Structure formats: structure tokens, C-alpha cells
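# Structure assessment
Here is what each chain is made of, one letter per residue.
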Amino acid sequence: MKVNGNAIKYGDNVDTDVIIPARYLNTSDKKELASHCMEDIDKDFVNKVKKGDIMVGGKNFGCGSSREHAPIAIKESGISLVIAKSFARIFYRNAINIGLPIVECEEAATEINDGDKVEMDFNSGVIRNLTTGKEYKSEPFPSFIQSIIESGGLVQAVKDGKF
Amino acid sequence: MKIKFIPITERNRNMSKMTMTQKILAAHAGLESVTAGQLILANVDMVLGNDITSPVAINEFERLGSKSVFDKKKISMVMDHFVPNKDIKAAEQTKRCRCFAGDMGIENFYDCGEMGVEHALLPEKGLVTSGDIVIGADSHTCTYGALGAFSTGVGSTDMACGMATGKAWFKVPSAIRFVLKGKLNKWVSGKDVILHIIGKIGVDGALYKSMEFTGEGVRELSVSDRLCIANMAIEAGAKNGIFEVDEKTLEFLESVGAKKPVVYKADEDAEYERTIEIDLSKIEPTVAFPHLPENAKTFGEFDDVKIDQVVIGSCTNGRYEDLEIAAEVMKGKKVADNVRAIVIPATQKIYLDAMENGLLKIFIEAGAAVSTPTCGPCLGGHMGILAKGERAVATTNRNFVGRMGHPESEVYLASPAVAAASAITGKISRPEEVID
């Protein structure tokens, strides 16, 4: 499985309150949530994001609340992958469970710049910055987690009899 | 390809060296032992959700095609975030939860009038005991570690699968051990301890790890203080926070009619990533400045900070003991001009006890607003939202950008004692500045 798109870059500790503020949590509608994604940190995000784009963060991405609305908003906005130096643990788990691909790669997260064209091959774990030409190798997930992401999430994996 | 959770038999030969958390996980996974990093599938004793996380979980549960929940007694749904319902959408979400709970026969469904803030309510109702595994679709589910349970926040999909199967997958965490000694000084409480710790190790200082609290200082802490400390383990990035079980824990559990506790203790030779010693007698009143809980400062490290609002409540500090401290500070005093003070007892029982003991009278006569239990302003929901440029001192647990309202408002996290004193003076203050 491959993804590619433009990088949209943020810093450390991007928390769930800025990804999707609580005032929008009175809905579980994916499109509505996506329309407010990143609102309190980057009002422009919803206008500039294109399907396939790749979000890049620093350390502790997704810290804060357990709200699954956070990775849902990111996935529905068109983001195909989140690369970060490290992920907060509930966000990490939720992203896997809803089938939002995520990868921890400190070097890639540091060196990729906002606007760079980036692609990733999940089978090889190689991240390629097409703008700079640089390549990065990431740590592959345990196969059980890859299986969940490939199924499109935990529920589908359970339905497909993978558990 | 079916995924199998295979016990790693090589490691199983070494039966000891487990942390308290690891022992609970092993027991619930039917394994002799586990080691950090191992993936396991464990039975859970309680699955929890609230009015904003349950609707998403119900969607996923329906997608799964499940017709019934695994155990009607082992699921709790507490309508606490946007309740009493703040708008039509919130009402629709709560209605969906109510219908689902009714259809599935979920016993522990708490609606407006019965409910409390979930992490204050469950201990009070005796729904968690030592040795349990609790998963909750709310990050502060880690609170119940204070009672010697393995308790962790998960998302709505985990909640759905948990409701359907009674199981959850986990990656076994390693641990940081906190050895406590000494005892807290007057006006210093669990909140100051945990803010001090997060200030020391950072918001990702315990990422993916257990925070295990041990040492002679544990018995000097009230159950309320332990609940507060465990509640904020997530703010250091921890998988869970957990306290050794002692007489105080057992007395508390008996008083609330909890199930018989199963007490686990870490092995003498358990391995920890690091050990941090905390002398409780050296902890000072601590305030976390915007916009991260790790931005901790003690008095003397900052100049006057004028404020607009004070919130005393939440799963972190909305218990009776917290209100008692606040009332002691505010008794006979008046809330400063231009400050709105909001007091939110975390459950109906706490509200009633506070009423009967004259605490609410103290708050109201001081000029504070007293609310029915709700999470309300803690997450910027309702019942005390901040305008642009406003500042609040709150006994809540998070102060990210926009947490309590406008993205250009500020939240300062503090203990009930500091919050109450600040309400009186109109700036961040210690009780000593207010009490004669």
C-alpha cells in the first residue's frame, strides 16, 4: 500500500483540543468533524488540505483526550498518513483502530518541510521526500497492527475474522 | 490470517520480576507472566463511556453487527460531559445513549439527575475494585489506579469492541516507580504532587508507561489525594497510574460496597525504567501555567497574575474533600470583583453532603455560582466558557490552547486551596494570603 501527497507540518505536542475542539464534539458526523479539523491551531488547514496529503508532527502528537473524533477528523479531511517523532498513546491506538495510517520516524518528522512532496510505501516502510530526494526507513508495525490498518480498522478486522 | 496472541514461552520461564500493572494484565490474559512490549488480549471488568464518546462507540458496535453486550453489569455509561444537555445535538447524542442502554439492558446508565462526573461517580458507586481492569472511552479513566486497578483510557472503537467481546488488546507497558516518603504540609494536596511530577518529567515523560506509586508516603495520602494523582497520569503521557493497595484503600472499597478486592503487589525484583523519589513534605503549592500541564511553577516563580474566572470541580478535584478545603478558604470572604467563581460538586452525593454541611452556603454567600454535577467548563463544553483574553484558575486537568473556551483564553491548573484563594484575591494566590 502506498500514499503520497504534500506535507502539512506542525510542531510538538499537537493536542486533541486543537485537532478537534470540544465545542464540536456534540456530533459524530465525520464530514462535520473534518470541517473543523485543526481549527484552533491553523484556521487555514481545511482550505488547503488535499486528499492524499501527509500531516507531519513533532513529539507526543495527539496528546490529551481519548476523543476518537480527533483521528476521525484528520482521516476524513483527506490526510492519508501522519508522520511524527512520537505519538501519544491513546491517539496512536485510536488511529490504528480507525485505519488512519501513522508512522513514528524522528528523522523524517524533523527534516520534512511544510509543502514537500512525500510518499510512503507501507510494505517496505520507506518514506521518500520527493522534493529533497532524501529517503527514510521506518520501523514496521507488528503484523497484527498492520493487519488492522489494512482492513480499514479494528471493527472491520474483527468482522473479517482476523481476531 | 487469524491473529493469535501467543504467550511468549521463553519469557514465561522467569515467573517473577513483574510490576503491579504487569501482574494484573497477566492475570486477565490467562498468562503466568508478561514482559514489557508483549502484545496480549485481556478480559476486562468494566467498559466505560460518556455522552460524547458513547455515540461513536454505538455506531461501531452496530457496524460490528453485535446483537448484545458481553455483560450487562460490566458496562457503565455516564452522561456527564454536555449534560444537562447544552443544545439540541447534545440532547440527540444523550438520547442515542439512553436508547442503546435500554435496548441492551445496561445496568449502570447514569442520566441527568443521577449522574456525576464519571471518574468521581464510579468509585462512589463501588463499581471498581482492586485488581480490576477498567477501560474507558475517556482519557482520565486512569483515575481508578488509585484503588489498585489497571485502568486506562481508550477510544470509542475499543469501547465498542469491549462492549461486544469483554476483551481488549494491550501492549504491556514498562513502568516508572515513584517512591513517596514524608507527608503533605497544610494546604498542599495531591494536585500539587502530580503537577510537580508532570513539571519534572514533562507531558510525555511517562509515555506508554505505568506510573507506579509506592513507599511509606502512600499511606499518608488520603484516597481522595490518590484519585487526584492517578487521574492526571495521562497528562504525563502514561498508560496508567497505579497505587499500592493498603488499609485505606480496603476501607474505602468496603465503605462503597465494591466487589472483593484482589490485591497485587509488584515483585521485589520488578524492573523499572527509572525510579523517582518524592518527598511529600517538600512539595509546595504548584500551578501549571498555559498551555501545557508540564508548565509548573511554584509561588515566588511568577509575578501577579490577574484572573477572570475560577472553576472548582471536575474528576480531578470535585470530591467532598476538595470542596471542604475550598470552603475553609472562602468562609466569610467575598469573591473578588470581576471574578466569576464556579463550584461544581462532582456527584449528587457530594452535592448533598456539601449542602447538608453548610459548604454550599459558604460558596453562595461568598458570591460563587454552584452547579449541578457536570464536566462542563473543564473541556470547554458549557457552564463557564472563557472569552478572548480571559484567564481562569481551575482545579481541572488540562490547559491546552482553547481548552476552556476562546483559543486566546488561558487556563492555570491548581489545587482547590489555590483556586479558592485566587477567587478571593482576584489573582493567583495561596490560602495564606487570604486566611487570617
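The coordinates are above.
A few points on the structure. Please read all numbers here as calculations on a predicted model, not as lab measurements.

Conventions adopted
Residues numbered from 1 in each chain as written. Chains lettered and ligands numbered in written order. Predicted model: local features only at pLDDT ≥ 70, side-chain atom pairs only at ≥ 80, totals over all residues. Heavy atoms only, no water. Helix = DSSP H or I, 4+ residues; strand = E, 2+ residues; numbered from the N terminus. Rg over C-alpha atoms; globule rule 2.2 N^0.38 Å. Buried < 20%, exposed > 50% of the residue type's maximum accessible area, 1.4 Å probe, protein only. Contact = heavy atoms within 4.5 Å. Areas by Shrake-Rupley, 256 points an atom, 1.4 Å probe, with all protein chains shown as cover. Lys, Arg positive; Asp, Glu negative; His and termini not counted. Charge placed at Lys NZ, Arg CZ, Asp CG, Glu CD. Pairing = 2+ DSSP bridges. Axes fitted to C-alpha atoms, helices over the stretch in contact; angles between N-to-C directions.

Another aspect to go through is the overall build of chain B. Counting its secondary structure elements, chain B contains 14 helices and 18 strands. Taking 22 Å as the expected radius of gyration for a compact globule of 436 residues, we find that chain B reaches 21 Å, a close match to that expectation. Expressed along its principal axes, the backbone C-alpha trace of chain B runs to roughly 65 × 50 × 40 Å. Scored against the burial criterion, the 436 residues of chain B give a buried share of 64%. Pairs at least 24 apart in sequence give 76% of the contacts found in chain B among residues at least 6 apart. Roughly 15,800 Å² of accessible area belongs to chain B as shown, and the carbon and sulfur atoms make up 49% of that amount. Within chain B, the 58 negative side-chain charges are centred at a point lying 4 Å from the centre of the 50 positive side-chain charges.

Turning next to the sheet that holds strand β6 (residues 150–153) of chain B. Residues and elements named next belong to chain B. On the basis of which strands lie adjacent, the open sheet formed by five strands has the order β4-β3-β2-β5-β6 and parallel pairing. At either margin of the open sheet sits one strand with a lone partner, and together these are β4 (108–110) and β6. Strand-to-strand twist in this sheet, taken as the mean axis angle between neighbours without regard to direction, amounts to 10°. Bridge analysis of strand β2 (residues 46–50) against strand β5 (residues 133–136) gives three bridges, and the strand direction is parallel. Each residue of the ladder has a partner; that of V47, found in β5, is I135.

Residue and element names in this part refer to chain A. With mixed pairing, the seven strands of this open sheet are ordered in space as β4-β3-β2-β1-β5-β6-β7. Because the sheet does not close on itself, it has two edges, and the strands there are β4 (102–104) and β7 (135–137). Neighbour-to-neighbour, the strand axes of this sheet turn through a mean angle of 25°, independent of strand direction. With three bridges joining them, strand β3 (residues 81–84) and β4 adopt parallel strand pairing. Across the sheet, I83 pairs through a bridge with V103, a residue of β4.

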